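Reading the structure
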Amino acid sequence: MLISLNWLRDSVDVPAEVDPHELAERFTCTAAEVEDVHRIEVGARGLIAARVEAVSDLPATRNLRLARLDVGDGRVIETVTAAPVLRVGWNVVYAPAGAAVAKLGTIGQAKVAGRASVGMILSGDALGVEMAVGEALFAEPALAPGTPLPPEWFDDWVIEIDNKSITHRPDLWGHRGIAREVAAMYGLPLKPYPVVAVEELAGIDAPPIPLEIQDPQAARRYSGLRLGGVPTQPAPLWLQLRLGRVGMRPISALVDLTNYIMADLGQPMHAFDGSRVERIEVGWAAEGEVFRTLDGVERTLPPQTLMIQSQGRSIALAGIMGGLETEVSEATTSLLLESANFDAATIRRSAIALGLRTDASARFEKSLDPVNTVLSIQRFVALARECYPDLKLTSPLSDCFPNPFPPVTVKVNRRHVTRTVGREVPDDEVRQILGPLGFDVTAGRRDLSVSVPSFRATGDVDIEADVIEEIARYCGYNRIPEVLPQVTVRRFEPCARLEVERRTLAYFSGAARFSELHQYLWYDSAWLTTLGFEPGACVELANPAATGLHRLRQTLLPGLLAALVRNRFHYEACALLEVGSVFERAEPDDAEFRHVGLVCARRQKGGENELYHRLKTALEGWGWECFGRAVSFGPAAVDTARPWEHPQRTAEVQLEGRGIGRLSAVPLELKRRMEEHLTAWAIAWAEVRLTGLEKLSPRTEALGRIPPHPLVELDFSVLVRREVRYAEVADRLREFTHPLLRRVAYVGSYEGPALPQQQRSLTFRVVVGDETRTLVEEDTAAFRATFEQHLASCGYWTRR
Amino acid sequence: MDIEQLGQRIAEIEAAVVARLPSVANVDDLRRVENEVLGKEGALGALITTIKEYPPAQRGQVGQVINAAKGRVKAALDGRRAALEAAVADAEAAAAAAFDPTLPGYVEPMGSVHPVTAVQWRIERLFERLGFTVEAGPEMEEEYYNFEALNIPATHPARDMQDTFWLTNRKVLRTQTSPVQVRAMLKYGAPLRIIAPGRCFRYETIDASHENTFHQVEGLMIDREISIPNLIALAHTLLREVMERDVKVRVRPGFFPFVEPGLEIDMNCQICAGKGCPTCKQSGWIEVLPCGMVHPNVLLAGKVDPHEFSGFAFGLGLTRLAMMKYGIGDIRVLNSGDLRPIVAARRLEGPVVAAV
Ligand SMILES: [Zn+2]
């Protein structure tokens, strides 16, 4: 929202020496965030009002016309202008030869399209008001031609307040409310608001407007007034300039006046053509009703749309926009002025459903003060009379107020104030702070009783903490010395889930040398099609970020594979890691699980075996590191729905005998589908479910020990047929028991020319020893014989 | 064998050894030769056992002859050993001289964590030093914890479709880490000190500075006398720690339904040092820490008595902080999966000769 400093000065005498930037900074730190402060410097010099006497086309040009202007003292000049609309008898802002504005420099005389052109009619744009190209600002007719227009009308400071920072403050949606805060900040008085007394408005001797509110929950108050002697002349120039400064385009006297009140008090108003509206009813739109708003658009009304109706016929979208049929036009001679108060949620809901957010609806959504319906009419009449002395009131102020907000009085415990602010705030200081903001403070023995002004009592301030905030922000957040808190020490059970995740991430990104990355939570359908993966039932988004992004992931693999494709040109090899959530449909509640996903890839045909073992090594290390337990790998039935599972290379990752994940390599077929170049790559992957593992308390690992007597290492190479699996051999070795046996470890495997065809040699290191004595040669020889006997009984050859 | 024969035999042995020595190429071979000659069963060594074959009167002389021979052989062997060792030392010295100790180490990729994780861990360590515990909550959150419990009623604008990712099961992807506040209060009661880092989601159009998926850290502290100055002091400590330098803070009112009073804590822009730049929209300040005193309704939702206890809560934009700390200009790179902008090049590529 834009605030004009000139405008603000109507309500508070901000001293000339106050730097607007400083004011903005103080406002930011006390009330709401100022986003920008800038100077409007029109640089007007020598401008005057000039009356249009005649306008004629210049045939040789496309859009230029010749205007004859009365410039005062009986002088009439001719000037060429691009202004699209000029009305005879209205005043324009005229720069005689020698006058200047910053945007155009000094204005002179010129020959344009063969005609002598003296001076210039200034466009809104040249005066810093956003209008259509060339469009001129009209000055009020009361100004005699030749009247100098003072430069200070044009120059101003504009303060832009972040709308998001005042969503909870309906009172700050106009200059008056901002002025109240500024006055309080600087300890200045808030000047009286120039209004016409209610008594006068209520006392008009004419029939009141029949008003009816069907649902007081949706419409708290409706106030109206009929006016005759409707102005057709433009609003005063100063008023138009102010509207321009706060980003509103001057349109016509009536629109400008109502907009001015809205920007002044924050209360939206609407003017109906009085001849077309007999009475006012506030009610709900009929089902499927179609209504034409004043922007000419026909709109089908969603259910629960609040309407202003007259004898059952809709005439406005309550709080959002008026209707075309009752719009004021040039033919309008009488007005029905509306100033109402609607329920915030109702207006918000309709505005969203209609896709129609207006300045009015934006304000009603904040829950406005119902007191302002009448106050705004009082102000409107005062302002309009000032501009248009011919204005007549043709009805008394009519008011239907079935649903006032209850007055709010809050008990404030002094101890709670001290506790929050961090120091004691004496009653006098509380009064000094709250008084200018409109609060009344009555001191009780323990509590303060604070009555909240109506403009803060519509949901903004209703509990003690709200009042304490007012006190605290005026004590000055940046003036309170920082103090670290005094605390109660207590012990917390560590969050088991995070412990597991942290250890997992630390291990894989550290010792195992993976690079962590983050992926989105949802599948990309296009990518799944590329992969040939049909995920089945997923937890789904009702409003996905884009088409095809509606399914939440059940596995981290598609994302990791996509990341691999993205990185393949930049690296010869990469190891990718992600820890994140996956989701599963379940009864009665859909479930979320935490997973770790790992992908190891290298540009090397046939490197799968090595990568697979690298991953296996990493997972084994992870098991010890995170849980003090051995991870094992069991046979797995390949999930054919998941194209990244290799038909031969897939294993189940197990901990404590329970399957917790999968280890596999990406089959050639999938590499081809993903990206032709990846066929030259080896890709292994693993995915493990961490959820559930938090219950495994990390076991303390037994440390190594120095045996009392030396151990002896004996190596055995076991010759087996190539298709015999290591696991099978290891199982058989585990069956062997012997009092001297300490450990059997795998050393390595060998295939090659030194061996018979189709044979493989697996080497094991067997460690033997005795706790009570040193072994002698006979012991080891006897052991060797027994062990070889066992191997032979298993059908294995021993290779010497 | 008489003494004369013995002398002759010894001379032969000695001559043979001396003749062999020049062809002995290394110390191991030399040791073998020494053993063959001087060992118990060696050519000379074995002669000692023949002493008892001589008459007692001669034995002394025999012994002397043998020992003298052994001494000479030993000296010859030692001479050769010294020569061999010198040669080895020379070769070693030559090799060392040819060695280039300035060659870089091997290229072995290092692992790395995501920049957001790195900042998150730093913050977790800080808060653990301050006696906070670290909590987690689900990313798929119940509407109640994401909204109602945080004093965000059904009519609040934050409930709009356009800000929240709704699931068809009526749950939401949490829009903030704040739901953990109430979950933690219910789990632990007061007094309480937690932080809760995690991923959040907002229905938002993605561009260089907006993401629909980002990280926050929630902070919550509840005790008997918690004040706004406490909150500011802690926030200042936090920002100094994360940026690893002293920073200035500015505190101003802010509005969030779950705190009252609500505050915004700004940090002086680290890019322009407060002078004004596009990142701080020329203001010199960066909004980093929305926070405030926990709203009594939120305390009540967590079954904490607002009369006995007060507390503060804050939500720190981890993603933004990581971007500022690492100078990441485009937020989209963080979830893109491209390693280049999120991993230090040297971690993956090893030592480089030069880089610009
Ligand atoms: Zn900056």
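What counts as what
Residues numbered from 1 in each chain as written. Chains lettered and ligands numbered in written order. Predicted model: local features only at pLDDT ≥ 70, side-chain atom pairs only at ≥ 80, totals over all residues. Heavy atoms only, no water. Contact = heavy atoms within 4.5 Å. Buried area = accessible area lost by both parts, 1.4 Å probe. Salt bridge = Lys/Arg side-chain N within 4 Å of Asp/Glu carboxyl O. Polar contact = N/O pair within 3.5 Å; in protein donor to acceptor, adjacent residues only side chain to side chain. Helix = DSSP H or I, 4+ residues; strand = E, 2+ residues; numbered from the N terminus. Nonpolar A, V, L, I, M, F, W, Y, C, P; charged D, E, K, R; others polar. Domains from an automatic or database assignment. Pairing = 2+ DSSP bridges. Axes fitted to C-alpha atoms, helices over the stretch in contact; angles between N-to-C directions. Phe/Tyr/Trp six-rings, centres within 6.5 Å; stacked < 30°, edge-to-face > 60°. Buried < 20%, exposed > 50% of the residue type's maximum accessible area, 1.4 Å probe, protein only. Lys NZ or Arg CZ within 6 Å of the ring centre and 35° of its normal.

Listed by partner, the interface residues are 80 residues for chain A and 94 residues for chain B. Interface area for chain A against chain B, summed over the two sides, is near 7200 Å², with a carbon-plus-sulfur share of 55%. The largest per-residue losses of area from chain A upon contact with chain B belong to R419(A), F492(A) and H518(A), which jointly make up 10% of the total buried on that side. At the junction of chain A with chain B, the criterion picks out 7 salt bridges. Among the salt bridges present, the one from E33(A) reaches R252(B), with a minimum N-O distance of 3.5 Å. Where chain A meets chain B, there are 46 residue pairs in polar contact (both at pLDDT 80 or more). When residues of the side of chain A that touches chain B are assigned to their parent elements, the largest contribution, 6 residues, is made by helix 13 (residues 496-509) of chain A. Residues that form the side of chain A that touches chain B fall into these classes: 38 nonpolar, 19 polar and 23 charged.

For chain B, the assigned domains read domain 1 (3-98) and domain 2 (115-355). Computed from C-alpha atoms alone, the centre-to-centre distance between domain 1 of chain B and domain 2 of chain B is 84 Å.

This part is about the sheet that holds strand 37 (residues 741-750) of chain A. Residues and elements named next belong to chain A. Taken in spatial order, the 4 strands make up an open sheet running 37-38-36-39, and their pairing is antiparallel. Each edge of the open sheet is held by one strand with a lone partner, namely strand 37 and strand 39 (797-799). With direction set aside, neighbouring strand axes in the sheet form an average angle of 35°. Of the strand pairs in this sheet, strand 36 (residues 712-721) and strand 39 are connected by 3 bridges, and their pairing is antiparallel. Across the sheet, residue S717 finds its bridge partner in strand 39, namely R799. Contacts from helix 18 (residues 726-734) reach strand 36, strand 37 and strand 38 (759-768) within the one sheet, and its direction differs from that of strand 38 by about 35°. Across the sheet, helix 19 (residues 777-793) lies against strand 36, strand 37, strand 38 and strand 39, angled at about 20° from strand 36, the strand it touches most.

Residues and elements named next belong to chain A. As summarised here, the arrangement of the 3 strands in space is 26-28-27, forming an open sheet in which the pairing is antiparallel. Whereas interior strands pair on both sides, the edge strands pair on one side only; in this sheet they are strand 26 (409-413) and strand 27 (440-443). Going from strand to strand, the sheet's axes swing by 25° on average, the running direction of each strand aside. Pairing between strand 27 and strand 28 (residues 447-451): 4 bridges, direction antiparallel. Each residue of the ladder has a partner; that of A443, found in strand 28, is L448. Helix-sheet contacts for helix 10 (residues 414-421) involve strand 26, strand 27 and strand 28, and the interaxial angle to strand 26 is about 70°.

Considering all chains together, one arrives at 26 aromatic pairs over all chains under this definition. Summarising the aromatic geometry, the rings of F508(A) and F514(A) are spaced 5.9 Å apart at their centres and angled 85° between planes, so their arrangement reads as edge-to-face. Judged by relative accessible area, F508(A) falls into the buried class, the value being 0%. Look at W522(A) and F165(B): their rings are 5.2 Å apart centre to centre, the planes differ by 45°, and that puts the pair in the tilted class. Note that W522(A) is positioned in the loop between strand 29 (515-516) and helix 14 (525-531) and F165(B) in strand 3 (residues 165-166), a pairing that runs across two chains. Taken together through their ring pairs, the aromatic side chains of Y507(A), F508(A), F514(A), W622(A) and F627(A) make up a single cluster. For R220(A), the ring lying beneath its charged end belongs to F405(A), and the centroid distance is 3.5 Å. Sitting over the face of the ring of F514(A), R614(A) holds its NZ or CZ atom 5.2 Å from the ring centroid.

To continue, consider the pattern of salt bridges. If you walk through the whole model with that rule in mind, you get 80 salt bridges over all chains. Where E493(A) meets R491(A), a salt bridge forms, and the shortest distance between an N and an O atom there is 3.0 Å. Here R224(B) ties to E308(B) by a salt bridge, and the two come within 3.0 Å at their closest N and O atoms. Placement of the pair is R224(B) in the loop between strand 6 (213-223) and helix 7 (228-243) and E308(B) in the loop between helix 8 (296-301) and strand 10 (310-317), with a sequence separation of 84 residues.

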